[in-house]
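Here's the letter readout for the chains.
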Amino acid sequence: MAEYDLTKTIIPYCDRHLVFPLLAHLSESEIFPVEQVQAAQYELAKETNMVDYAVSLFQQLHPDEEVPAEFADKREKAVSTHERLQQEAQAVLDVIENPEVAQSLRQDKNQNLQFLRDHYNVTLDQITALYNFGKFQYSYGNYSGAADYLYHFRILSTDPDLTISAHWGKLACDILTGKWDVALEELNSLREAIDSRTPSMPQFSSTPSSSAADPALAQLHSRTWLLHWSLFVYFNHPQGRTLLLETFLSPTYLNTIQTSCPWILRYLATAAVLSRKSASGALSSRVRHSIREIVKVIQMEEYQYQDPVTQFLKELYVEFDFEAAQKELGKAETVVANDFFLGEFRDDFMDNARYLISEAYCRIHQRIDIGDLSERLNLSRDEGEKWIVNLIRETRMGADAKIDLEKNVIEIHRPPQPIYQTVIEKTRGLAFRTQALGAAMSRTQQLAGQEAPQPSVIEAQ
């Protein structure tokens, strides 16, 4: 299923060090030849200061060749650079780790800088040394040490670009060390910073920004990067799937997905399926409506992107073609299993997807043969009966459905829905969307008014 692998699509939006886990997963899954993956790992590692790792990869690729001498030179240079940067940063670190200094620092960064300059002769260049040493530690794989230095730098720095860059670096460090609670806090902090200003691309990345002249485009690129980095957090944090839905379905980020990265719809659709049950075990109203919204977006963006996961929801909720949905679900199982972010959720995804099929099938039929439904779910008759019983117990169908064991069928008797309730369902969220549209139009008019030249006044002679 290499045709559905998104690794090559995601890599351009990830930092070099975040790509290593993606390539390691490809090596284990054997979707691509191992030699190609190892070559990609080597090309990635040789541009970092992880010299020993690059040497080991070179030896795996070329067991009969000698290790190039350039690696020894690079190691010596890295050691000397490390010592120099550590000395420059340690002078500042000794000051700010002093308990008396820590108690004297305030929220105002300018006031803190003045205090450090007056009492300890700490300059802006010395504070920048924290950033330089943290970035260097990151380059050779000491992520926990880099996170500490970048955190201290961010507290003191007044440089907005370097502060944003330190945000990105700290987030990458938290992801690579597996500190998911801390990474979630950092992700939220970085999202607020991006939404409140127009930063450039992450300075930790080697990809040049081509949008420096256009702040709006730069902000779009930053949000696109943030969406990709957030996948590491949302699919490892316990509440990550619910938080992903809340973030990705917000108008700002949904617009970003549709504009620059429609392949993120795979993860949005999967999160909706995985979040089918709320804490109480029933299908929450928020998730039910999120699935409807996601299906609409899938329909709109089908010309740009589609895969078995998105097609499964489309066949189920748009076409109501249960046979096609069953086929797409079979493909989706393989896609989810091979995906770096989704692999560990395969069983939960299949379990929830079958419930969605069962629920949709029961909602449009009044008399259902249990054997036929079991066949559509790729289950045996006994397993199908258990599915139906659990479905009726966990959803609102319990009062409407009755099981006839003699005929092996389910009979569903639903009272007709009042007209006013139908209108409410159809217009749900309309007021919020109208308000958002009005606010967007007002901002556009304000910007146009600011850019328009003031009319000149001609006095009558």
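What counts as what
- Residues numbered from 1 in each chain as written.
- Predicted model: local features only at pLDDT ≥ 70, side-chain atom pairs only at ≥ 80, totals over all residues.
- Heavy atoms only, no water.
- Helix = DSSP H or I, 4+ residues; strand = E, 2+ residues; numbered from the N terminus.
- Buried < 20%, exposed > 50% of the residue type's maximum accessible area, 1.4 Å probe, protein only.
- Contact = heavy atoms within 4.5 Å.
- Areas by Shrake-Rupley, 256 points an atom, 1.4 Å probe, with all protein chains shown as cover.
- Patch = residues over 30% accessible without salt bridge, like charges linked within 9 Å, V, L, I, M, F, W, Y side chains within 5 Å.
- Salt bridge = Lys/Arg side-chain N within 4 Å of Asp/Glu carboxyl O.
- Lys, Arg positive; Asp, Glu negative; His and termini not counted.
- Charge placed at Lys NZ, Arg CZ, Asp CG, Glu CD.
- Expected span 1.5 Å × (residues − 1).
- Polar contact = N/O pair within 3.5 Å; in protein donor to acceptor, adjacent residues only side chain to side chain.

Participant: Just checking my understanding: could you explain the overall build of the protein chain for this structure?
Facilitator: Helix and strand counts for the protein chain stand at 23 helices and three strands. Counting all 461 residues of the protein chain, 44% fall into the buried class. When contacts within the protein chain are restricted to residue pairs at least 6 apart in sequence, long-range pairs at least 24 apart make up 62% of them. Element-wise, carbon and sulfur atoms account for 50% of the exposed surface of the protein chain, whose accessible area totals about 24300 Å².

Participant: I'm lost on a negative patch on the surface in this one. Help?
Facilitator: On the surface, a cluster of negative charge is contributed by E319, D321, E323 and E375. Within the element layout of this structure, E323 appears in helix α18 (residues 322-338).

Participant: Mind showing me how you'd approach the pattern of salt bridges here?
Facilitator: Side chains that differ in charge, positive against negative, can pair when their charged atoms come close. As enumerated under the stated definition, the model contains 10 salt bridges in all. Put simply, R154 and E186 hold a salt bridge, and the shortest N to O gap is 2.3 Å. Placement of R154 in helix α9 (residues 143-156) and of E186 in helix α11 (residues 180-196) is noted, with a sequence separation of 32 residues between them. Residue R154 is classed as buried on the basis of its relative accessible area of 14%. Residue classification places E186 among the buried positions, given a relative accessible area of 5%.

Participant: Mind showing me how you'd approach helix α2 (residues 16-29) here?
Facilitator: For an α-helix, the turn length of 3.6 residues means that residues three or four places apart are oriented alike. When the terminal C-alpha atoms of α2 are compared, their 21 Å separation across 14 residues agrees well with the 20 Å that a helix rising 1.5 Å per residue should span. Within α2, burial applies to H17, L18, V19, F20, L22, L23, H25 and L26. By the N-cap criterion, in which a side-chain oxygen at the helix start approaches the backbone nitrogen of a residue two or three places on, α2 is capped by D15, the distance to H17 being 2.9 Å. One or two steps after α2, the chain reaches E30, where phi turns positive at roughly 60°.

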